[in-house]
Amino acid sequence: MGNGSFSRWHFEKRETTSNLVLVMVPVLSVVIGLIFTGLFIALTGKDPLEVYLLMFDGAFGSAYGISETIVKSIPLLICALGLSIAFRMQLWNIGAEGQLYMGAFGATWAALTFPDWPAYQLLPAMMVAGFLAGGLWGLLPAIPRAYFKVNETITTLLMNYIAILWVDYLVVGPWKDPKSFNFPISPQFTEGAILPTLGTSRIHMGLVFGVVVALLLYIVLNYTRWGFEIRVSGESPAAARYAGMNYVKNILLVMFISGGLAGLAGMTEVSAITQRLQHGISPGYGYSAIIIAWLARLHPAAIVLVSVIFGGMLVGGYSIQTSGFSSTTVSMLQGAILFFVVGGEIFVNYRLVRGEKGGK
Amino acid sequence: MVEMINITKRFPGILANDRVSFSVKAGEIHALLGENGAGKSTLMSILTGLYRPDEGEIRIQGNPVDLQSPRDAVAHGIGMVHQHFKLVKPFTVAENIILGLKGIKEVYNLKSIDESVAQLSREYGLHIQPDSPIWQLSVGEQQRAEIVKILFRGAEILILDEPTAVLTPQEAKDLYKTLRKMADLGKAIIVISHKLSEVLAHTDAITVLRGGRSVGTVRTKETSEMELTRMMVGRPVMLETVKNPVNRSSKVLELHNLSALGNRGQFALKEINLDIYGGEIVGIAGVAGNGQRELAEVVAGLRAIERGQKKVDGNDLTLASPKQMIQAGVSYVPEDRLGTGLVPNLNAMENYLLKGVQKMPSGFINWKQVAQETAEVIKKYDIKVPNPKNPVKMLSGGNLQKLLLGREISGKPRLIVTMYPMRGLDVGAMETIRSLLLQERDRGAAVLLISEELEELFALSDRLAVLHGGEVMGVVDPHKTTFEDVGLMMAGKRMAAHG
């Protein structure tokens, strides 16, 4: 008693979503992203597999590679953690890049204002100043969002350019190092303004910040009242209001913390890596962090893992330059991955089934 | 006209339809009756092409058909009016009707479409202006627009999901008049409903589903309310509510000359005066949209008060926030259960915690305790939660409402505001909700029951206030008044209070 045979594929809503699916969607997105980008690499006549191996080797194949990978993953990690809180509340903060720059600005201000302070005073001061500056930069677009429903996606994005240009202004203007032969850089930081590193490597204390923040975030989201409020507010603002939660206050607070963490990432970059404020301190960490947060499905532990992978991609990107590729190949790879992650999202709620025949 | 033969549909872990057979003839109004989760929606989703059956066959006018998509269903003359209308509010009736319609040219003549829509609505006695925008229409008119929309698409088989849930008694009567006319003109009509009395009064045949299976099809003329109830629940349910005598204590809620604005900035509540005492249920009758929602929101602290005063237990809470109202012991079961009252993607434990989280002293959540309390509520109210870690959106309507009400009464509230608490529930769940509300009243809580079902209001309320145009038309004793009197007040007639 078949009702005709057909074999058309179609989507059917899932009743439940297994953990396997939740893990496989981002993993497969990365794989497909690699294949997709591989096609373009193949167009140039190179073997994509060889290029990827070269990238992998550059990022993870040596002690130096690994340490560089971790160095790159620190700002990614801290920014992505910050973004994940905002994303949980469905606040689309695209402004981590600008918030990072403002954090770098805040930290630099502290470092240049109190050059004589010892590290145990100056470093906390730089952290606070960086967090505050980044946090306020996140809070600014949150105010119109909370009170007048002004779309934060656009405001946070546009404020990135203001922040980047503000830092550029400082390093060619008031904060330019007089001994810099006209390079757009601030004076070098004093010893007390520099984060300690692990042995002789460039891995710095920012790694500790990142891991501690991830841990804290996990605890806050799962075991505290405020974390619960964030999750409820993100799932359903109406329910949050109904349950007596202060939705407006939470928007402001979440955007402040989200921006503050990006600011902290900025602080670690100027303190440990450049050791001064300069043009272009971030190669787009704040944007990559958006992809990381999504790939990790906003889970703090997964963000740590994905940040290291993305750090590796950046380092691998530099190492393929020797074989004639631009390091921006990595940007393309990241873009492709995001594309497939967002596209793959449908499989979380739906499954693809083949129309089957009736009867047994 | 339509035959569904041995339809089986499985979802992971659930057999939603188990060899269900169902057929409707042209010229017939056929009711599909059953508890929540009985498989009515799944069956109709299969008929409208949303789901594919795992087994079984659908025949239309004797020919087997394969409905692969809603578009296929429309092509076979199947149309559905959903409980929640699918209309674009700023567009006119005619614009909504041609929306997504094939065969409309890039440049089209709206006038001629208006005309054919008007003609169609005259033919079936559906009074509707093709050129009026949807947002200006009453709920009943919007429903008529939906019906015209599917007729315009050539529907021969019309499915209506809980069509009278949002209508006044008069509008419901008119709707069935229209449906009868359409049946007389050769259409087949399927009505999904929970309302026994309505189904008995207006349909030709009734198919009862229970637990995914068809219990049987009966001719309406040859059946009774008791028989249908037995078929639906498989056990006799007391339709009469047994109530203890009212034992009023102190004043819990006081509203003095209270006015509040609606969403469009007009006064939705005007000079409301209403007191509710502990130990009594005060019912609010009225046609939907006469200030009920605003009244509930004002009491829950979710809507600002423009003028007047609100007190709970003698404390002035006119300016209180939702949080302060919760702290004052005001519970609220909103109309929108899934989305406001409960968070669809969170699990039963998290939803149970929704309000209790404010009371966590340290700011840290003790999940062990929450799990335990949730398990108690689930057990106490016999809520069917297959896995407390699954999102609650997977629960059926009755179980959702039990979870919601169970949570709201867990804190022993002083006042419970419930809005349409029985809407869309099956007989079994309704019975549970009723007895829970009565238990709370007997415990000494004040209950504000907003409903559109007069029978329910008469059965449960100790006093009955009628809202019309945002004003209280009167407060009456349901034991000393009639449906007709209340109906008149709902239509705007003032009555002297005698309750």
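Our subject is the structure that appears above.
Conventions used here
Position numbers for residues count from 1 along each chain, tracking the sequence in the order it is written. Chains and ligands are labelled sequentially in the order written, the chains with letters from A and the ligands with numbers from 1. At least 70 in pLDDT is required for a residue's local features to be given in this predicted model, at least 80 for side-chain atom pairs to be given and counted, and no such filter applies to totals for whole chains, interfaces and linings, which use all residues. As a rule here, side-chain values cover all heavy atoms of the structure and leave hydrogens and water aside. To qualify as a helix, a DSSP run of H or I must reach at least 4 residues; to qualify as a strand, a run of E must reach at least 2; elements of each kind are numbered from the N terminus. The quantity called the radius of gyration is restricted to C-alpha atoms. Its globule counterpart is 2.2 Å times the number of residues to the power 0.38. Think of it in three bands: residues with accessible area under 20% of the maximum for their type are buried, residues over 50% are exposed, and the middle band is partly exposed, with areas taken using a 1.4 Å probe on protein chains only. What makes two residues a contact is simply this: any of their non-hydrogen atoms within 4.5 Å. Per-residue and other accessible areas were derived by the Shrake-Rupley procedure at a 1.4 Å probe size, with only the shown protein chains allowed to occlude residues. By convention, the term buried area covers the 1.4 Å-probe accessible surface removed from two parts as they join, with the contributions of both added. When a carboxyl oxygen of Asp or Glu lies within 4 Å of a side-chain nitrogen of Lys or Arg, that pair is called a salt bridge. N or O atoms within 3.5 Å of each other form a polar contact, as long as, within protein, one can give a hydrogen and the other can take it, and as long as residues adjacent in sequence are counted only when both atoms are side-chain atoms. Helix span is expected to be 1.5 Å times the residue number reduced by one. The directions from the helix axis to the C-beta atoms form the arc being described. Angles here are taken between N-to-C directions and fall from 0 to 180 degrees, while the axes themselves are lines fitted to C-alpha atoms, restricted in helices to the stretch in contact. Should an angle lie under 35 degrees it is considered roughly parallel, over 145 roughly antiparallel, and from 65 to 115 roughly perpendicular; all remaining angles are considered oblique. For any pair of crossing helices, the crossing counts as left-handed if the nearer helix is rotated counterclockwise from the farther one by less than a right angle, and right-handed if it is rotated clockwise. Each residue receives one of three labels: charged for Asp, Glu, Lys and Arg, nonpolar for Ala, Val, Leu, Ile, Met, Phe, Trp, Tyr, Cys and Pro, and polar for the others, Gly being one of them. For two strands to count as paired, DSSP must find a minimum of two bridges between them. In this analysis, a patch consists of residues with relative accessible area above 30% that form no salt bridge, clustered at 9 Å for like charges and at 5 Å for the nonpolar side chains Val, Leu, Ile, Met, Phe, Trp and Tyr. Each Phe, Tyr or Trp ring (for Trp, its six-membered ring) is paired with any other whose centre lies within 6.5 Å, and the angle between the two planes then decides the class: stacked below 30 degrees, edge-to-face above 60, tilted in between. A ring has a charge above it when a Lys NZ or an Arg CZ is no more than 6 Å from the ring centre and no more than 35 degrees off the ring normal.

1. With respect to the overall build of chain A
(1) Moving on: Counting its regular elements, chain A contains 14 helices and two strands.
(2) Moving on: Computed over the C-alpha atoms, the radius of gyration of chain A is 23 Å, within 12% of the 21 Å expected from 2.2 N^0.38 for a compact globule of 360 residues.
(3) Moving on: Viewed in the frame of its principal axes, chain A has a C-alpha envelope of about 90 × 60 × 35 Å.
(4) Moving on: Looking at chain A as a whole, 50% of its 360 residues are labelled buried.
(5) Moving on: Residue pairs in contact within chain A that sit at least 24 positions apart in sequence constitute 78% of those at least 6 positions apart.
(6) Moving on: For chain A, the computed accessible surface area is about 16,400 Å², with 69% contributed by carbon and sulfur atoms.

2. A look at the interface of chain A and chain B
(1) Moving on: Each partner contributes residues to the interface: chain A has 33 residues there, and chain B has 39 residues.
(2) Moving on: Buried area between chain A and chain B, summed over both chains or domains, comes out near 3,300 Å², and the portion from carbon and sulfur atoms is 56%.
(3) Moving on: Our count for the contact surface shared by chain A and chain B stands at one salt bridge.
(4) Moving on: Between Arg-231 of chain A and Glu-350 of chain B there is a salt bridge, with the nearest N and O atoms lying 2.9 Å from each other.
(5) Moving on: Here chain A is connected to chain B by 11 residue pairs in polar contact (both at pLDDT 80 or more).
(6) Moving on: When residues of the side of chain A that touches chain B are traced back to their parent elements, those giving at least two are strand S1 (9–13), helix H7 (206–223), helix H8 (225–235) and helix H9 (237–242) of chain A.
(7) Moving on: Per-element accounting of the side of chain A that touches chain B gives the leading share, six residues, to H8 of chain A.

3. Observations regarding helix H1 (residues 19–43) of chain A
All names here are of chain A.
(1) Moving on: Between its first and last C-alpha, H1 extends 37 Å over 25 residues, near the 36 Å set by a 1.5 Å rise per residue.
(2) Moving on: Taken residue by residue, H1 has Val-21, Val-25, Pro-26, Ser-29, Gly-33, Thr-37, Gly-38 and Ile-41 as its buried positions.
(3) Moving on: For H1, the secondary structure elements touched by its buried residues are helix H2 (48–60), helix H11 (285–295), helix H13 (329–344) and helix H14 (346–349).
(4) Moving on: Positive phi appears at Gly-45, one or two residues downstream of H1, with a value of about 95°.

4. Notes on helix H4 (residues 110–123) of chain B
Residues and elements named next belong to chain B.
(1) Moving on: Taking 1.5 Å of rise per residue, the 14 residues of H4 would be expected to cover 20 Å, and the 20 Å separating its terminal C-alpha atoms lies within 8% of that figure.
(2) Moving on: For H4, every residue scored as buried is listed here: Ile-113, Asp-114, Val-117, Ala-118, Leu-120 and Ser-121. The arc enclosing the buried residues of H4, seen along the axis, measures out at 165°, which places them on a common side. Those residues of H4 that are exposed and angled more than 90 degrees off the buried face are Lys-111, Glu-115 and Arg-122.

5. Structural notes on the side chain of Asn-93 of chain A
Residues and elements named next belong to chain A.
(1) Moving on: Relative to the elements of secondary structure, Asn-93 occurs in the loop between helix H3 (63–88) and helix H4 (96–113).
(2) Moving on: Note on Asn-93: relative accessible area 0%, which makes it buried.
(3) Moving on: At 2.8 Å, the side chain of Asn-93 forms a polar contact with the backbone nitrogen of Gly-95.

6. Section: the packing of H3 of chain A against H7 of chain A
Residue and element names in this part refer to chain A.
(1) Moving on: Where H3 contacts H7, the axes come no closer than 9 Å and their chain directions differ by 20°. Relative to H7, the element H3 lies roughly parallel. In terms of crossing hand, the pair formed by H3 and H7 is left-handed. Seen from H3, the contacting residues are Ile-70, Ile-74, Leu-77, Ile-78, Leu-81, Ser-84, Ile-85 and Arg-88; seen from H7, they are Gly-206, Leu-207, Phe-209, Gly-210, Val-211, Val-213, Ala-214, Leu-217 and Leu-221.
(2) Moving on: A per-class count over the contact of H3 with H7 returns 13 nonpolar, three polar and one charged.

7. Some points on the sheet that holds strand S6 (residues 78–81) of chain B
All names here are of chain B.
(1) Moving on: The six strands lie next to each other as S6-S7-S8-S3-S9-S10, forming an open sheet whose pairing is mixed. Only two strands of the sheet have a single partner each, and these edge strands are S6 and strand S10 (213–219). Adjacent strand axes in the sheet meet at a mean angle of 20° when their direction is disregarded.
(2) Moving on: Pairing of S6 with strand S7 (residues 157–161) involves four bridges; the strand directions are parallel.

8. Concerning the pairing of strand S19 (residues 463–468) of chain B
Residue and element names in this part refer to chain B.
(1) Moving on: A large share of S19 lies buried, amounting to five of its six residues.
(2) Moving on: The pairing of strand S13 (residues 281–285) with S19 spans four bridges and is classified as parallel. Within the sheet, the bridge partner assigned to Val-282 lies in S19 and is Arg-463.
(3) Moving on: Examined bridge by bridge, S19 and strand S20 (residues 471–476) share five bridges and lie antiparallel to one another. Note that in S20 the partner of Val-466 across the bridge is Gly-474.
(4) Moving on: Linkage of S19 to S20, two consecutive antiparallel strands, is achieved through a turn of two residues, within which Gly-469 is found at a positive phi near 55°.

9. Digging into a nonpolar patch on the surface
Residues and elements named next belong to chain A.
(1) Moving on: A cluster of nonpolar side chains, Leu-20, Val-23, Met-24, Val-27, Leu-28, Val-31, Ile-32 and Ile-35, forms an exposed patch at the surface whose accessible area comes to about 680 Å².
(2) Moving on: Assignment of secondary structure puts Val-31 in helix H1.
(3) Moving on: A residue is classified by how much of its surface remains accessible, and Val-31, at 37% relative accessible area, is partly exposed.

10. Focus: the pattern of salt bridges
Residue and element names in this part refer to chain B.
(1) Moving on: According to the stated counting rule, one finds 30 salt bridges over all chains in the structure shown.
(2) Moving on: Salt-bridge contacts for Asp-462 lead to Lys-243; the nearest nitrogen and oxygen are separated by 3.4 Å. Here the residue Asp-462 occupies a position in the loop between helix H15 (454–460) and S19, and Lys-243 occupies one in the loop between helix H8 (225–233) and strand S11 (251–261), the gap between them amounting to 219 residues.
(3) Moving on: Among the ionic pairs, Asp-462 bridges to Arg-441, the shortest N-O distance being 2.8 Å.

11. Some details on the packing of aromatic side chains
(1) Moving on: Applying the stated criterion across every chain, the model contains 16 aromatic pairs over all chains.
(2) Moving on: On the numbers, 6.5 Å between centres and 65° between planes, the contact of Tyr-218 of chain A with Tyr-223 of chain A is edge-to-face.
(3) Moving on: An aromatic cluster is defined as three or more aromatic residues linked by ring pairs; in this entry it consists of Phe-36, Phe-40, Phe-339 and Phe-340 of chain A.
(4) Moving on: For Arg-248 of chain B, the ring lying beneath its charged end belongs to Tyr-277 of chain B, and the centroid distance is 3.9 Å.

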